[in-house]
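# Breakdown of the fold
If you want the building blocks of each chain, they are given just below.
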Amino acid sequence: MTITELMTKDIKKKNTLMLVTYSISLIAGLVFSLMKNSTLPTILNYSSQLVLLSVFFVLFQFIFKNRALFFPYFSIATIYTINTIYVFISGGTISNLVILIFLALFSAIHFKTNIFVIGYFSGFILYFLNKVYVPEESAQAFNELFTLSLLVYILLGVVLFTLIKLNKEQFVQLKNYLTEVESSNAEKEKQSKLLEAEVVTISSSIKQVNDQIQHHLLSQNDMKIAINEISVGSLTQTDQINAIASIAEQTMFKMEEMSSLTEKLTQESNDANQIAESGDLQVNELRNNMNELKEIIGELSFTFKDLTTKIEETNSFIGNIQDITDQTNLLALNASIEAARAGEAGRGFSIVADEIRKLAEITRETAQRINDNLASVNEVNSSAVEKMTRSNGKLEENVSATNQVTEYFQQLREKLTGLQSDFSHLNQTADSVKGQTGDVELSTKELAAVIEEASAGLEQMSATIETITNDHEAIANYLEGTVQSAERIQKSIKQ
């Protein structure tokens, strides 16, 4: 429990003591007043103090638990206020002087200087208010006891103040001592936790070491068995290695045949690559010719389109000629009519008008034939333009196909080049493998001799591992006892 908790608990106990002692005195005074049929202010004085004191106690002791120290302040202030009002109403009495001495003791219950000073000096004020407001019929008896009671009140105040001062010093010393004890307990608890943590760590480490040693024992037993098996199987491996050496020799002959076949495939790949290069050149030349032909057909198409435009313009000219012929016929007709009106004088002009009309007819027929010819030419030209358009489309398709063929030849040449490089690399690999096969044959023979020597070494290693295993078993037994001791220490620390 902390110092703050102890102080709060002490305050609540003293609050309870204040309530009990003063409530008993109030209840006794209230009963005595009722038995003597005292006045209403006297009864209200006792009952109001009892009610308010109980209300403050419940409020600060149970509702506002962290404000328990406010109870004595409110209680003393309320008690002295009610007693002051009672003095103003009922006047001073000798019993009030006795009550003030009791209130001085009541103010010192908490041994708090502030609370005692408030209560004590409030009692001083009430002392003199009682003297001022004492009734005349009780003045002589009151004055005889006033000086004596005041002297007792002063001496009681000195004694209580001295006790509060001493109690405060003792409380400070006690507080310092409790602080030191609390700090010491915290340090001891910290050390205990540290010791417990260290013991746990040591115990865990020893347990892990024990587990590792047990694991090593199992591993060494497995190694011992494996070494024995290896030693037994070493002779069989020697025979197998000799068989491998024989197979490696046969493999070397096969690799030589493979190397010869690879050289042949490389030569054929070179020939195919050259053919692909020649085909690529021819396809490139064909693509260039097709592009030139495409340009020529394009120009020819533009020429036909221009010719179509000119023919259409000529058709419009034929229309103009026909209009002129119609106007000429009309003029010749008008001239003939005028010549007929003129009679003999207009005969020559009539002949000229006839000739002009004939010429206009010939011109019309000629224009009609030209128009027919131009229509035929226009149809032929349109058909030619349409065929040129289709030819241009087909030519573009051929150019696109030629480009695709060119790309295919390029890819083929790249594949053949890569294939040639792979065959060359395969040839080099075959040569390398052939050399390595010879080395393997030599190495296997040497390995057979090494295995025979290793078999003897394995037998010696097996004996050494058996000795190490015995030592590890002894260490494991020691560690097992140490782990048990560490666990017992850990349990004792927790207890």
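Anything mentioned here points back to the structure above.
Notes on the structure in this doc start here. (Residues numbered from 1 in each chain as written. Predicted model: local features only at pLDDT ≥ 70, side-chain atom pairs only at ≥ 80, totals over all residues. Heavy atoms only, no water.)

## Focus: the overall build of the protein chain
The line we're drawing: Every helix listed is a DSSP run of H or I at least four residues long, and every strand listed is a run of E at least two residues long, numbered separately from the N terminus. In short, Shrake-Rupley with a 1.4 Å probe defines the accessible areas, and a residue's cover is counted only from the protein chains shown.
Counting secondary structure elements, the protein chain contains seven helices and zero strands. Starting at the N terminus, the α and β elements of the protein chain follow one another as α-α-α-α-α-α-α. As presented, the protein chain carries roughly 32000 Å² of accessible surface, and 61% of it is formed by carbon and sulfur atoms.

## Description of the pattern of salt bridges
Definition in use: The rule for a salt bridge is simple: a side-chain nitrogen of Lys or Arg has to be within 4 Å of a carboxyl oxygen of Asp or Glu.
Summed over all chains, the structure comprises three salt bridges. Each member of the salt-bridge network shares a partner with another, and the members are Asp326, Glu361 and Arg364.

## Let's talk about unusual backbone geometry
Let me state the cut-off plainly: Partly exposed residues are those whose accessible area sits between 20% and 50% of the maximum for their type, while under 20% is buried and over 50% is exposed, using a 1.4 Å probe and protein chains only.
Of note in this structure, Asn37 is not a glycine but carries a positive phi near 55°. Along the chain, the position of Asn37 falls in the loop between α1 (3–35) and α2 (40–63). A relative accessible area of 69% places Asn37 in the exposed class. Residue Phe111 is not a glycine yet carries a positive backbone phi of 55°. As for its position among the elements, Phe111 is in the loop between α4 (94–107) and α5 (113–132).

## With respect to the environment of Leu307
Examined against the element boundaries, Leu307 turns out to sit in helix α6 (residues 139–342). For Leu307, a relative accessible area of 40% translates into the label partly exposed. For the pair Leu307 and Val385, spaced 78 residues apart in the sequence, the C-alpha separation amounts to 9.9 Å.

## Digging into the packing of aromatic side chains
The line we're drawing: Working definition: a ring pair exists when centres of Phe, Tyr or Trp rings (six-membered ring for Trp) sit within 6.5 Å. Plane angles under 30 degrees give stacked, over 60 give edge-to-face, the rest tilted. When the NZ atom of lysine or the CZ atom of arginine is within 6 Å of a ring's centre and also within 35 degrees of its normal, the charge is said to sit over that ring.
Evaluated as defined, the whole model comprises 19 aromatic pairs. An angle of 80° between the planes, with centres 6.0 Å apart, marks the rings of Phe60 and Phe70 as edge-to-face. Residue Phe60 is located in helix α2, and its partner Phe70 is located in helix α3 (residues 70–90); the two are separated by ten residues in the primary sequence. Classification of Phe60 by relative accessible area gives buried; the value is 7%. Following the ring pairs from residue to residue traces out a cluster consisting of Phe116, Tyr120, Phe121, Phe124, Tyr127, Phe128, Phe142, Phe146 and Tyr153. Here Lys131 stacks its cationic end above the ring of Phe146, 5.0 Å away from the centre of that ring.

## A word on the environment of Ser75
Rule in force here: The criterion used for residue contact is that any of the two residues' heavy atoms lie within 4.5 Å. Distance and chemistry together define a polar contact, namely a pair of N or O atoms within 3.5 Å, with one atom able to donate a hydrogen and the other to accept it when in protein, and with adjacent residues in sequence counting only for side-chain atoms on both sides.
When you line up the elements, Ser75 lands in helix α3. A relative accessible area of 0% places Ser75 in the buried class. In this structure the C-alpha to C-alpha distance between Ser75 and Gln49, which are 26 residues apart in sequence, comes to 8.6 Å. Those residues in contact with Ser75 that sit more than four places away from it in its chain are Leu53 and Phe56. Reaching out from Ser75, the side chain makes a polar contact with the backbone oxygen of Phe71 at a distance of 2.7 Å.

## A closer look at the packing of α3 against α4
Where we set the bar: Here the axes come from fitting lines to C-alpha atoms, over the contacting stretch only for helices, and the angles between their N-to-C directions go from 0 to 180 degrees. For this classification, under 35 degrees means roughly parallel, over 145 means roughly antiparallel, 65 to 115 means roughly perpendicular, and everything else is oblique.
In the contact formed by α3 and α4, the axes pass within 12 Å of each other and the chain directions differ by 170°. Between α3 and α4, the angle is such that the two are roughly antiparallel. Each of Ile76, Ile79, Tyr80, Asn83, Tyr86 and Val87 in α3 lies in contact with α4, whose residues at this interface are Asn96, Leu100, Leu103, Ala104, Phe106 and Ser107.

## A word on α3
Just so we agree on the cut-off: A helix is expected to reach a length of 1.5 Å times the quantity of its residues less one.
Between the first and last C-alpha of α3 there are 30 Å, a value that for 21 residues agrees with the 30 Å anticipated at 1.5 Å per step. Elements in contact with the buried residues of α3: α1, α2, α4 and α5. Gly91 occupies a position one or two residues after α3 and carries a positive phi of about 90°.

## Focus on the side chain of Ser336
Residue placement: Ser336 occurs in helix α6. The contact partners of Ser336, leaving out residues within four places of it in the chain, are Ala353, Asp354 and Arg357.

## What to know about the environment of Phe111
Assessed through its relative accessible area of 32%, Phe111 is described here as partly exposed. When the C-alpha atoms of Phe111 and Leu166 are compared, they prove to be 9.5 Å apart, with 55 residues separating the residues in sequence. Apart from residues lying up to four places away in sequence, Phe111 is in contact with Lys14, Leu163, Ile164 and Asn167.

## A closer look at the nonpolar core
Here is the rule: Nonpolar cores are built from buried Ala, Val, Leu, Ile, Met, Phe, Trp, Tyr and Cys residues. Side-chain atoms within 4.5 Å join them into one set.
If you look at the biggest cluster of nonpolar residues, it comprises 37 residues, and the most contacted ones within it are Tyr22, Phe71, Leu100, Phe106, Tyr127 and Tyr153. Secondary-structure elements contributing two or more residues to this core are α1, α2, α3, α4, α5 and α6. Not counting the four nearest positions on each side in its chain, Tyr22 is found in contact with Gln49, Leu53, Ile79, Asn83, Phe102, Leu103 and Phe106. Within the second largest apolar cluster, five residues are counted, among which are Met290, Ile297, Leu395 and Val399.

## Details of α1
Helix length check: α1, at 33 residues, gives a terminal C-alpha distance of 48 Å against a target of 48 Å (1.5 Å per residue), a fit within 8%. In the stretch just after α1, Asn37 is the one whose phi turns positive, near 55°.

Just geometry here; none of it tells us what the structure is for.
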